[in-house]
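Commentary on secondary and tertiary structure
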Amino acid sequence: MASRFANPTFLWRTGALLVASGIVTGAFGAHAIRKRVAPEKLVAWNSASHYAFLNGLGLLAISLHPRFSVHKFAGPAIALGCVFFSGSIPFLVLNPERFKFLGPITPIGGSLMIAGYVALAL
């Protein structure tokens, strides 16, 4: 039985929004902030963009699978992990002092994404 967050519709919509956010942040990084941040910060920005895009595609694929689209942990963990990971990095790039409290959120997000994909393999 699917839960509120572990159902194909939620995963499809979340995946689509993550793909869109990956495209937007990638374009913003390539055009708007490229000359305003240090190169190593731009690398972090691009990583956040790529992870959002790729995990969004992953969620789109998972939403189409008859068994995994209702997995109670995997899809929601990937979605939340991606939001934590890809959502915290731009704030840390743009204003690290103001948003330093988000620093621990980034690896938590990465761990959630990994756990979600591992759960699909078990």
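Predicted model only: the values in this text are computed from it and were never measured. (Residues numbered from 1 in each chain as written. Predicted model: local features only at pLDDT ≥ 70, side-chain atom pairs only at ≥ 80, totals over all residues. Heavy atoms only, no water.)

Okay, the packing of aromatic side chains next. Summed over the entire model, instances satisfying the criterion amount to 4 aromatic pairs. Ring plane angle 35° and centroid distance 5.8 Å describe the contact between Phe 28 and Trp 45, whose orientation is recorded as tilted. Remark: Trp 45 occurs in helix H2 (residues 39–63) and Phe 28 occurs in helix H1 (residues 8–31); sequence separation between them is 17 residues. Ring centres of Phe 99 and Phe 101 lie 6.3 Å apart, and the angle between their planes is 50°; this geometry places the pair in the tilted category. Using a relative accessible area of 18% as the deciding quantity, one classes Phe 99 as buried. Among the aromatic residues, those joined into a cluster by ring pairs are Phe 91, Phe 99 and Phe 101. (Phe/Tyr/Trp six-rings, centres within 6.5 Å; stacked < 30°, edge-to-face > 60°. Helix = DSSP H or I, 4+ residues; strand = E, 2+ residues; numbered from the N terminus. Buried < 20%, exposed > 50% of the residue type's maximum accessible area, 1.4 Å probe, protein only.)

What follows concerns the side chain of Asn 7. Relative to the assigned elements, Asn 7 resides in the segment before H1. There is a polar contact of 3.1 Å between the side chain of Asn 7 and the backbone nitrogen of Thr 9. (Polar contact = N/O pair within 3.5 Å; in protein donor to acceptor, adjacent residues only side chain to side chain.)

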